[in-house]
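Coordinate inspection notes
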Amino acid sequence: MNKKAAFLVLIVLASMVFISGCTSQTQLGDVKSQEDVQKTVTDVSANIDNVESTLKEIDSDLG
């Protein structure tokens, strides 16, 4: 794959992350306590880790 194809894959992944964030079950109004804030931050961190591992996998596949 050349650089243009890799860039296109990154754009598609970023779009998927953005869209999935917009359709998330947890809305900002649902956060009413400190525990809700901690859970939301943990969920976001887990999603970022998933994206990071996917990007590393793609990078290793591209060589």
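Scroll up to find the structure.
Residues numbered from 1 in each chain as written. Predicted model: local features only at pLDDT ≥ 70, side-chain atom pairs only at ≥ 80, totals over all residues. Heavy atoms only, no water.

Right, let's get into the overall build of the chain. The helix and strand inventory of the chain stands at 2 helices and 0 strands. Within the chain, the fraction of its 63 residues that count as buried is 3%. Accessible surface computed for the chain: about 5,500 Å², of which carbon and sulfur atoms make up 61%. (Helix = DSSP H or I, 4+ residues; strand = E, 2+ residues; numbered from the N terminus. Buried < 20%, exposed > 50% of the residue type's maximum accessible area, 1.4 Å probe, protein only. Areas by Shrake-Rupley, 256 points an atom, 1.4 Å probe, with all protein chains shown as cover.)

Here L13 lies in helix 1 (residues 3–22). If we ignore the near neighbours within four places in the chain, the residues touching L13 are T54, L55 and I58. (Contact = heavy atoms within 4.5 Å.)

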